[in-house]
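# Inside the fold
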Amino acid sequence: MKLDLEEAVRTVRPLVEEQGELALARWPSAAPAAYKDRRDFATRVDLEIERNLKAALRARFPGHGLAGEETTDEGREAEYQWLIDPIDGTKYYAGRSSLFAVSVGLLYRGEPVLGVVCAAASRQCFHAVRGGGAFLGERRLEGSSVADLADAIVNVDTPRSSTLSPEERAWFEARLVALTRGVYRLRALGIGSLPLCWLASSALDAYLDLTGHAEAQDLAAGRVIAREAGMRVEHVDPGVGPPRLLAAPPGMWGELRRLLVK
């Protein structure tokens with residue numbers, strides 16, 4: 001049975017906002033609880049929020065799949081898959097920086113169709129559904145209108161850059177230099193969901209996963225929000241390593257792509 005996306009987002013928004021408030025309440029005592037490698041870790045708050053969101057989504061959308069960053073996936077064969085990032089930007093959160101968000105995205109047959117991102121510290125909630133536009137609270141977003149790459153502020157993600165193969169590293173370093181020469185300003189915020197939302201709100205002009213290793217949970221919600229704000233959001237295959245997600249205004253997307261596939 002097809003899901004009513006507008007009704008679904010009205011259900012999910014308050015759930016995500018509630019968990020954003022929980023993240024704020026737990027913020028003073030946040031500390032690493034489980035290390036994934038020497039720099040990547042989860043806090044007890046990540047685990048608590050993910051469990052809360054899974055329980056709420058399981059109750060409201062029985063039969064849907066549930067995938068998070070910290071706990072076991074459920075219902076992997078379901079057509080609808082909820083992707084949960086309980087705290088995107090955990091290292092910022094544990095370090096008392098406000099650059100973190102609670103993010104929930106929905107895939108239908110592998111395609112992102114709904115996204116909610118709560119920037120908890122500023123109490124801003126971005127949301128969108130396929131075909132319904134993108135919003136910050138109740139304000140509709142139209143996205144960046146910058147068309148010239150030389151005027152663009154571009155955020156790059158660089159996940160797993162320390163583990164790239166020699167071929168991937170050579171490509172990565174060359175493209176990074178090319179970007180610094182070709183754009184007005186380069187950002188590397190180290191968080192996936194919020195830069196895509198800020199592209200939708202015009203605070204940024206493009207987003208690029210420069211290694212191709214960003215996690216689906218980090219990007220699913222933001223992809224819907226950026227796309228529904230009028231941005232072109234597609235993967236580019238540069239011929240080295242995995243495809244890279246590129247999101248930008250339609251008038252600038254092709255110029256950015258050409259820089260990547262030279």
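The text that follows walks through the structure, step by step, so that each part is easy to find. These numbers come from a predicted model, not from an experiment. (Residues numbered from 1 in each chain as written. Predicted model: local features only at pLDDT ≥ 70, side-chain atom pairs only at ≥ 80, totals over all residues. Heavy atoms only, no water.)

### Some thoughts on the overall build of the chain
Counting its regular elements, the chain contains seven helices and 14 strands. Here the C-alpha atoms of the chain give a radius of gyration of 18 Å, agreeing with the 18 Å that 2.2 N^0.38 yields for 262 residues. By principal-axis analysis of the C-alpha atoms, the chain measures approximately 50 × 40 × 35 Å. Looking at the chain residue by residue over its 262 residues, the buried ones come to 52%. Restricting to contacts in the chain with at least 6 residues of sequence separation, those with at least 24 account for 63%. As displayed, the chain has an accessible area near 11800 Å², and 48% of this comes from carbon and sulfur atoms. (Helix = DSSP H or I, 4+ residues; strand = E, 2+ residues; numbered from the N terminus. Rg over C-alpha atoms; globule rule 2.2 N^0.38 Å. Buried < 20%, exposed > 50% of the residue type's maximum accessible area, 1.4 Å probe, protein only. Contact = heavy atoms within 4.5 Å. Areas by Shrake-Rupley, 256 points an atom, 1.4 Å probe, with all protein chains shown as cover.)

### Quick notes on the environment of Ala152
Relative to the elements of secondary structure, Ala152 occurs in the loop between β9 (139–141) and β10 (153–157). When its relative accessible area of 0% is taken as the criterion, Ala152 is described as buried. For the pair Ala152 and Leu186, spaced 34 residues apart in the sequence, the C-alpha separation amounts to 8.4 Å. Here Ala152 is in contact with Val146, Val183, Tyr184, Arg185, Asp205 and Met252, once residues within four sequence places are set aside.

### Section: the pattern of salt bridges
If you walk through the whole model with that rule in mind, you get 11 salt bridges. One salt bridge in this structure joins Arg13 and Glu138, with 3.2 Å as the shortest N-O distance. Placement of Arg13 in helix α1 (residues 5–26) and of Glu138 in the loop between β8 (134–136) and β9 is noted, with a sequence separation of 125 residues between them. Judged by its relative accessible area of 16%, Arg13 falls in the buried class. With a closest N to O distance of 2.7 Å, Glu215 and Arg160 form a salt bridge. In this pair, Glu215 sits in the loop between β12 (206–209) and α6 (216–228) while Arg160 sits in the loop between β10 and α4 (166–182), placing the two residues 55 residues apart along the sequence. One salt-bridge network, in which partners are shared between bridges, spans Glu111, Arg227 and Glu228. (Salt bridge = Lys/Arg side-chain N within 4 Å of Asp/Glu carboxyl O.)

### Section: the nonpolar core
Leu57 and Trp82 are the most contacted members of the largest nonpolar core, which totals 35 residues. Where this core is concerned, the elements lending two or more residues are α1, α2 (44–60), β4 (80–88), β5 (101–108), β6 (111–119) and β7 (124–129). The leading source of residues in this core is α1, at nine residues. In this structure, Trp82 is in contact with Val12, Leu57, Phe61, His64, Gly65, Leu66, Ala67, Val104, Gly105, Leu106 and Leu114, ignoring residues within four places of it in sequence. Ranked by size, the runner-up nonpolar core spans 21 residues in total, among them Val156, Val183, Val236 and Met252. (Core = buried A, V, L, I, M, F, W, Y, C linked by side-chain atoms within 4.5 Å.)

Everything listed here is a matter of coordinates, which is why it stays silent on function.
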